[in-house]
Amino acid sequence: MNKEKIIIIGAGLSGLMIAYLLQKKGYNITILEGDKRIGGRIETLTGSSGATMEMGATWFSKPHQNLIALLEEFEIPYFKQHTQGISFFETMSFVPPQRFEISDAEEASFRIVGGTAKLIEKLITKVGLENIKTKAKVTAVKEIENYIEITDSKGIKHTATKIISTLPPHLLVQTIQFEPHLPEKIQRLAKKTHTWMGESIKFAVEYANPFWKENNYSGTLFSQASIIQEMYDHSNNDNKGFALKGFLNGGTYTLTKEQREEKVILQLTKVFGKEAANYVAYHEKVWREEPLTFFPYEQLVLGHENNGNSEYNKPLWNDKLYVSGSETASQNPGYMEGAMVAARNIATQF
């Protein structure tokens, strides 16, 4: 074991992957996670019917080779997203939805069997739960000569020779006090870096049976007119749990959960018929209500803005402080593949 101690902030996919790679190189790793839950923007819910529903990262495709390589290394199976049948596109609320079919020639999307959380669970076993401290939100980071002192929300102080943050850069600079201050250039950049999924509202409607498939509908819906903006079939690969899942209009975060649920079911019954009203449960995740993921922007930040900026690849504080995470990835920033790319990039610097 290398005596050098490294602390990683954040136990999402990037943080866990960095820990896994550096442990293989013999480093002593501790991950500090602010939440009681491990996984960051990966969160799989299992409904009463057994349906596994993703409230966070879900899909990947063949070009995402780093992620696929890890799934194969861990022997975690994955399956093709169901798209067969009639799909719908709503242009205006007073016009019947257009019907279309998705060609098999299109690039396939995949999902992980049993839910994306299977990847997190496997990484936890590899890294060791004893090396992950939950409910340890970092509030201050201080450089002291040849080491770094990290203070968490309970006032506990941790020390390390090096520190790697995997928080979204905007969240990092807004919620952690640095001494000395981070370079002005990095602070300005981070405040203008979009946090992936930060404004998203993900939802899933759980059903006892896949009535849409039985009626030759794919479960795919795109809309410019109603609360659901994008939706897909979300049935388990073993056909033992059924759901429809997608994204709601981000502006509807001002509504109550009950109001959103009512509007979702209204839209589904309008598109699919009265069978859509016979559902088991409604689930949702409003990511802007997650203070350990999202922090309101002081100025307008566009989607993906500054994701993958090369400035994030430069270590700070005489190579003691590294900024990583999916938003910093040189390829596919924001995606799970981006988290993998960012992790591998950091690991090569040690």
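The present account deals with the structure reproduced in this document. Going along each chain's sequence as written, the residues are numbered from 1 onward. Confidence filtering applies because this is a predicted model: local features only for residues at pLDDT of at least 70, side-chain atom pairs given and counted only at 80 or more, and all residues used for totals across whole chains, interfaces and linings. Side-chain measures were taken over the full set of non-hydrogen atoms in the model, leaving aside hydrogen atoms and water.

1. Points about unusual backbone geometry
- Across the junction of Glu179 and Pro180, the peptide omega takes the value 0°, indicating a cis bond.
- Put simply, DSSP marks the helices as runs of H or I at least four residues long and the strands as runs of E at least two long, and each gets a number from the N terminus on. By secondary structure assignment, the location of Pro180 is in the loop between strand E15 (177–179) and helix H5 (184–191).
- One non-glycine residue, Trp317, lies in the positive phi region at around 50°.
- Throughout, exposure labels follow a simple rule: accessible area from a 1.4 Å probe, protein chains only, divided by the maximum for the residue type, with under 20% read as buried, over 50% as exposed, and the rest as partly exposed. Among the residues examined, Trp317 registers a relative accessible area of 9% and is labelled buried.
- We note that Asp319 has phi near 65°; this positive angle belongs to a residue other than glycine.
- Structurally, Asp319 is set in the loop between strand E20 (281–286) and strand E21 (321–323).

2. Overview of the pairing of E20
- Most of E20 is tucked away, with six of its six residues classed as buried.
- Neither face of E20 is open: one carries Ala281, His283 and Lys285, the other Tyr282, Glu284 and Val286, and all of them are buried.
- Criterion used throughout: strands pair if DSSP finds at least two bridges between them. Relative to E20, strand E16 (residues 201–207) runs antiparallel, the two sharing six bridges. Following the sheet pairing, Val205 is matched in E20 by Tyr282.

3. Structural notes on the packing of aromatic side chains
- For this analysis, a ring pair means two rings from Phe, Tyr or Trp (six-membered ring only for Trp) whose centres lie within 6.5 Å, classed as stacked if their planes differ by under 30 degrees, edge-to-face if by over 60, and tilted for the remaining angles. Per the stated rule, a full pass over the model turns up 19 aromatic pairs.
- For the ring pair Tyr27 and Phe350, a centre distance of 5.7 Å and an interplane angle of 85° mean the geometry is edge-to-face. Here Phe350 lies in the segment after helix H8 (336–347) and Tyr27 lies in the loop between helix H1 (13–24) and strand E2 (28–32), a separation of 323 residues in the sequence. When sorted by exposure, Tyr27 lands in the same class as Phe350, which is buried.
- Taken together, Phe88, Tyr207, Phe211, Trp212, Tyr217 and Phe272 form an aromatic cluster joined through their ring pairs.
- Looking at Lys245, its charged tip hangs above the ring of Trp59, at a distance of 4.3 Å from the centre.
- We note Lys285 situated over the ring of Trp287; from NZ or CZ to the ring centre the distance is 4.9 Å. Two limits define a charge over a ring: the Lys NZ or Arg CZ must be within 6 Å of the ring centre, and within 35 degrees of the ring normal.

4. Re the environment of His181
- Note that His181 resides in the loop between E15 and H5.
- For the pair formed by His181 and Ala136, sequence separation is 45 residues and the distance between their alpha carbons is 22 Å.
- Whether two residues are in contact is decided by their heavy atoms: any pair within 4.5 Å suffices. Sequence-distant contacts of His181, that is, excluding residues within four places in its chain, are made with Gln187 and Trp317.

5. A closer look at the pairing of strand E9 (residues 109–112)
- As judged from the two bridges shared by strand E5 (residues 60–61) and E9, these two strands associate in the antiparallel manner. Bridge pairing in E9 places Ser61 opposite Ser109.

6. Quick word on the side chain of Glu54
- Position of Glu54 among the secondary structure elements: in strand E4 (residues 52–54).
- Positive: Lys, Arg. Negative: Asp, Glu. His and the chain ends are not part of the count. Salt bridge criterion: a side-chain nitrogen from Lys or Arg within 4 Å of a carboxyl oxygen from Asp or Glu. Buried charge without a salt bridge: Glu54, with Arg111 as the nearest opposite-charge side chain at an N-O distance of 5.9 Å.
- In contact with Glu54, other than residues within four places in its own chain, are Glu43, Thr44, Gly115, Thr116, Lys202, His234 and Lys245.

7. Points about empty space enclosed by the protein
- For cavity detection a 1 Å grid was placed over the protein atoms alone, and a set of points counts as a cavity when a 1.4 Å probe fits there but cannot get out; an open set counts as a pocket when protein lies on both sides within 12 Å along at least five of seven lines, with lining residues being those that have an atom within 4 Å of a point. Grid points are joined across faces, edges and corners, and a volume is the space filled by probe spheres set on the points. For the structure on display, the rule yields two cavities of 30 Å³ or more.
- By volume, the largest cavity is sized at about 40 Å³.
- In terms of lining, the largest cavity is formed by Thr52, Glu54, Phe79, Arg111, Ile112, Gly114, Gly115, His234, Ser235, Asn236 and Asn237.
- Listing elements by their share of the lining of the largest cavity, those giving two or more residues are E4 and E9.
- The residue inventory of the lining of the largest cavity, partitioned by class, reads two nonpolar, seven polar and two charged. Amino acids are sorted into nonpolar (Ala, Val, Leu, Ile, Met, Phe, Trp, Tyr, Cys and Pro), charged (Asp, Glu, Lys and Arg) and polar (every other residue, Gly among them).

8. A few points about the side chain of Ser326
- Along the chain, Ser326 falls in the loop between E21 and H8.
- Counting of polar contacts relies on pairs of N or O atoms within 3.5 Å, with two restrictions inside protein: one atom must be capable of donating a hydrogen and the other of accepting it, and residues adjacent in sequence are counted only when both atoms are side-chain atoms. Here Tyr335 takes part through its backbone oxygen, which lies 2.8 Å from a polar atom of the side chain of Ser326.
- Those residues within four positions of Ser326 in sequence are excluded, and the remaining contacts are Ser14, Asn332, Pro333, Gly334, Tyr335, Gly338 and Ala339.

9. Quick look at the packing of H1 against H8
- As a rule, the C-alpha atoms of each element are fitted with a line to give its axis, helices using only the stretch in contact, and angles between N-to-C directions run from 0 to 180 degrees. Running from N to C, H1 and H8 point in directions that differ by 35°, and their axes come no closer than 8 Å. Seen from above, H1 lies across H8 with right-handed handedness. Contacts between H1 and H8 involve Leu13, Ser14, Met17, Ile18, Leu21 and Leu22 on the former and, on the latter, Met336, Ala339, Met340, Ala342, Ala343, Arg344, Ile346 and Ala347.
- When grouped by side-chain class, the residues that make up the contact of H1 with H8 number twelve nonpolar, one polar and one charged. In this scheme the crossing of two helices becomes right-handed for a clockwise turn of the near helix relative to the far one and left-handed for an anticlockwise turn of less than a right angle.

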